Amino acid sequence: MVTLRDGVEMPQLGFGVFQIPPEETQEKVEEALAVGYRHVDTAAAYRNEAGVGAAIAATGVRREDVFVTTKLWNSEQGYDSTLRAFEKSLERLGTGNVDLYLIHWPLPSRDLFLDTWRAFERIQEEGGARSIGVSNFRVEDLERLEREAETRPTVNQIELHPRLQQEELRSWHADHDVATEAWSPLAQGGLLEEGTIETVAAHHDRTPAQAILRWHLQIGNVVIPKSSNPERIRQNFEVFDFELSEDDMAALERLDEGERTGPNPGSFDVA
Ligand SMILES: NC(=O)c1ccc[n+]([C@@H]2O[C@H](COP(=O)([O-])OP(=O)(O)OC[C@H]3O[C@@H](n4cnc5c(N)ncnc54)[C@H](OP(=O)(O)O)[C@@H]3O)[C@@H](O)[C@H]2O)c1
């Protein structure tokens, strides 16, 4: 568990459902819950919130024992539209509330994230979201919230993996008590045949994915790998019974090349 600045407890490992088709989501989330995951990361844009909620309802795991994150899509930024979009997400999820609500992208050129954030503050005050945060915010976006908003996000969910270690943002988060959550933690599978990672993994008799996830946990990230494969869903959860050494951690740290797999938050502006 990671304790967020507002006291909310968030499981450090979660199950990401980006690109899981809506009609398969319930089944995959049920598999993840059966393995032991207690944290699911969805978004309005993934069109699979209903499957996440249905899985939680079907498994008999208590609602309060599963940490549910969803995100506000870009087209809905703005005060009133955010309030309306949040209600629709809740209806699709059927979970009564969410544990974490995130602004999906900052869209700096539209200049709406401050109004959006004010709606987030209201949603939290009214109990719709236990905690509120942002995603893909750059240091300059976070600084703007610092200057102009009443409250600070508890979480910033950003692309982060050994090829993109986000030192500047991680250090800002640490200084301001904001949790770092890593999306595409496995670089969408693109790092699983990297030589250093293979060597470190073999040394521990683990898979490259497990070695990378362990690196994330040890640097303090919240991490949300996605898999649609039952064996890999299980494998990605089996990361609490071994530890990377200082040398292993240093070897992975040297892989940083500032290389993104996803869009650049400064210019990404899809409606
Ligand atoms: N906030 C944002 O803007 C944002 C953006 C992107 C993602 N996210 C969140 O982050 C989550 C994870 O990111 P992601 O889905 O982009 O990428 P990821 O978790 O880094 O990688 C997923 C890919 O790796 C494969 N994989 C997973 N575990 C594996 C294993 N143990 N061995 C081999 N291959 C494995 C998966 O294939 P199989 O399914 O075939 O196993 C899939 O192709 C998303 O689901 C979403 O919740 C957020």
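Note that the structure is predicted; figures quoted are calculated from it, not measured.

Draft legend 1. Examining helix H9 (residues 230-237) more closely. Among all positions in H9, only Ile233, Gln235, Asn236 and Phe237 are buried. Residues of H9 that are buried in the fold lie against strand E3 (15-16), helix H1 (22-35) and helix H8 (208-218). The backbone nitrogen of Glu231 has a side-chain oxygen 2.9 Å away, supplied by the residue at the start of H9, namely Asn229.

Draft legend 2. Region of the structure containing the sheet that holds E3. One open sheet holds the 8 strands; their spatial order is E3-E4-E5-E6-E7-E8-E9-E10, and the pairing between them is parallel. Every interior strand has two partners, whereas the edge strands, E3 and strand E10 (222-223), have only one. In this structure, strand E6 (residues 98-103) lies alongside strand E7 (residues 129-135), joined through 5 bridges in parallel fashion. Residue pairing for E7: Leu100 is matched across the bridge by Ser131. The strands that helix H6 (residues 167-176) touches are strand E8 (155-159) and strand E9 (179-183); relative to E8, the one it contacts most, it runs at about 170 degrees.

Draft legend 3. Spatial organisation of the packing of aromatic side chains. This model, assessed by the stated rule, comprises 10 aromatic pairs. A ring pair is formed by Tyr101 and Phe120, whose centres lie 4.4 Å apart and whose planes are at 10 degrees; its orientation type is stacked. You can see Tyr101 sitting in strand E6 and its partner Phe120 sitting in helix H4 (residues 113-125), a full 19 residues away along the chain. For the pair Tyr101 and Phe120, a shared accessibility class is recorded, and that class is buried. One aromatic cluster in this structure is built from Phe15, Tyr37, Phe237 and Phe240. Here the basic side chain of Arg214 rests over the ring of Phe242, its NZ or CZ set 5.9 Å away from the ring centre.

Thresholds applied
Residues numbered from 1 in each chain as written. Predicted model: local features only at pLDDT ≥ 70, side-chain atom pairs only at ≥ 80, totals over all residues. Heavy atoms only, no water. Buried < 20%, exposed > 50% of the residue type's maximum accessible area, 1.4 Å probe, protein only. Helix = DSSP H or I, 4+ residues; strand = E, 2+ residues; numbered from the N terminus. Contact = heavy atoms within 4.5 Å. Polar contact = N/O pair within 3.5 Å; in protein donor to acceptor, adjacent residues only side chain to side chain. Pairing = 2+ DSSP bridges. Axes fitted to C-alpha atoms, helices over the stretch in contact; angles between N-to-C directions. Phe/Tyr/Trp six-rings, centres within 6.5 Å; stacked < 30°, edge-to-face > 60°. Lys NZ or Arg CZ within 6 Å of the ring centre and 35° of its normal.

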